[in-house]
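# Coordinates in review
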Amino acid sequence: MLATANAGKIAEFRRIFAGSRVRLLSPTDLGCGIDVDETGATLAENARLKAIAYARSCRQWALADDSGLEIDALGGIPGVRSSRFAGPNATDIDRNCRVIELVRGVTDGDRSARYRCAVAIANPNGAIAYETEATVEGFIGHSLQGERGFGFDPLFVVGPGTTTMAELPGVAKDVIGDRGQGGRAARAFLERVGVRGEP
């Protein structure tokens, strides 16, 4: 099962697992939603916390990820606090606007950033069976561009040019994105060990 209630993440992982013999289920599919306090000091620690909690609570293999945006000009923030650094009730737009405010005045050459994703898989007993991390390099744009994706996608420019993650079709984002890389590695592991998700 996917250890998240985030609809954007569920959609991305399901694209990544399309055609796999491993069937991904959401907490809603299983009637097993829980809240996990993301108290880890790193993305990897948070991914582990979520995978273990969902696996133990729902008695399923659980795949969790935690991802964050690291901006070099800001010393790596928001990083592990990406979803919380603009306040507890902030929206994606709030968080993006906060980033724009923080990097105002930073020249184009100093706007380097990366998306980082940590993935953890726990077995039904809550033991971590697999972990991986992935990154995608880019830089911070000056304004929000694109309607696809979620999080910082409208602000995160990838590759040469000015295309943001939010302007890429989903499949293209999955090919180059940090969650896509981590998800493919997780898929390969689960297919190798023969795990099947069943309600």
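For the structure given in this document, a descriptive report is provided here. Values in this document were obtained by computation on a predicted structure and should not be read as measured data. (Residues numbered from 1 in each chain as written. Predicted model: local features only at pLDDT ≥ 70, side-chain atom pairs only at ≥ 80, totals over all residues. Heavy atoms only, no water.)

## Brief notes about the overall build of the chain
- From N to C terminus, the chain includes six helices and four strands.
- Counted from the first residue to the last, the chain has its helices and strands arranged as α-α-α-β-α-β-β-β-α-α.
- Computed over its C-alpha atoms, the radius of gyration of the chain comes to 17 Å, within 12% of the 16 Å expected for a compact globule of 199 residues.
- With the C-alpha coordinates of the chain rotated into their principal frame, the extents come out at 50 × 30 × 25 Å.
- The buried share of the chain, reckoned over its 199 residues, is 47%.
- Sequence-distant contacts in the chain: of pairs separated by 6 or more residues, those separated by 24 or more amount to 62%.
- On the chain, roughly 9400 Å² of surface is accessible, and the fraction owed to carbon and sulfur atoms is 50%. (Helix = DSSP H or I, 4+ residues; strand = E, 2+ residues; numbered from the N terminus. Rg over C-alpha atoms; globule rule 2.2 N^0.38 Å. Buried < 20%, exposed > 50% of the residue type's maximum accessible area, 1.4 Å probe, protein only. Contact = heavy atoms within 4.5 Å. Areas by Shrake-Rupley, 256 points an atom, 1.4 Å probe, with all protein chains shown as cover.)

## Overview of the pattern of salt bridges
- Applying the stated criterion to the full structure yields 18 salt bridges.
- The salt bridge involving Lys9 is made with Asp65; its shortest N-O contact spans 3.2 Å. Placement of Lys9 in helix H1 (residues 7-16) and of Asp65 in strand S1 (residues 62-71) is noted, with a sequence separation of 56 residues between them.
- The buried category is assigned to Lys9, whose relative accessible area is 8%.
- A salt bridge links Arg179 to Asp65, with the shortest nitrogen-to-oxygen separation between them at 3.1 Å. Of this pair, Arg179 sits in helix H6 (residues 178-193) while Asp65 sits in strand S1; the two residues are 114 residues apart in sequence, bridging distant segments of the chain. (Salt bridge = Lys/Arg side-chain N within 4 Å of Asp/Glu carboxyl O.)

## Focus: helix H3 (residues 43-58)
- With 16 residues, H3 should cover 22 Å at 1.5 Å per step; its first-to-last C-alpha distance of 22 Å lies within 8% of that length.
- On its buried face, H3 is in contact with H1, helix H2 (27-30), S1, strand S2 (112-122) and strand S3 (128-140).
- With its phi angle positive at about 55 degrees, Arg59 sits one or two positions after the end of H3. (Expected span 1.5 Å × (residues − 1).)

## Describing the side chain of Ser67
- Tracing the chain through its elements places Ser67 in strand S1.
- A polar side-chain atom of Ser67 sits 2.8 Å from a polar atom in the side chain of Arg179.
- In this structure Ser67 touches Lys9, Leu43, Ser82, Arg116, Cys117, Asp178 and Arg179, once residues within four positions along its chain are discounted. (Polar contact = N/O pair within 3.5 Å; in protein donor to acceptor, adjacent residues only side chain to side chain.)

## Examining the environment of Ala62
- Summarising the element assignment, Ala62 is placed in strand S1.
- Ala62 gets classed as buried once you look at its relative accessible area, which sits at 1%.
- Along the sequence, Ala62 and Met1 sit 61 residues apart, while their C-alpha atoms lie 4.8 Å from each other.

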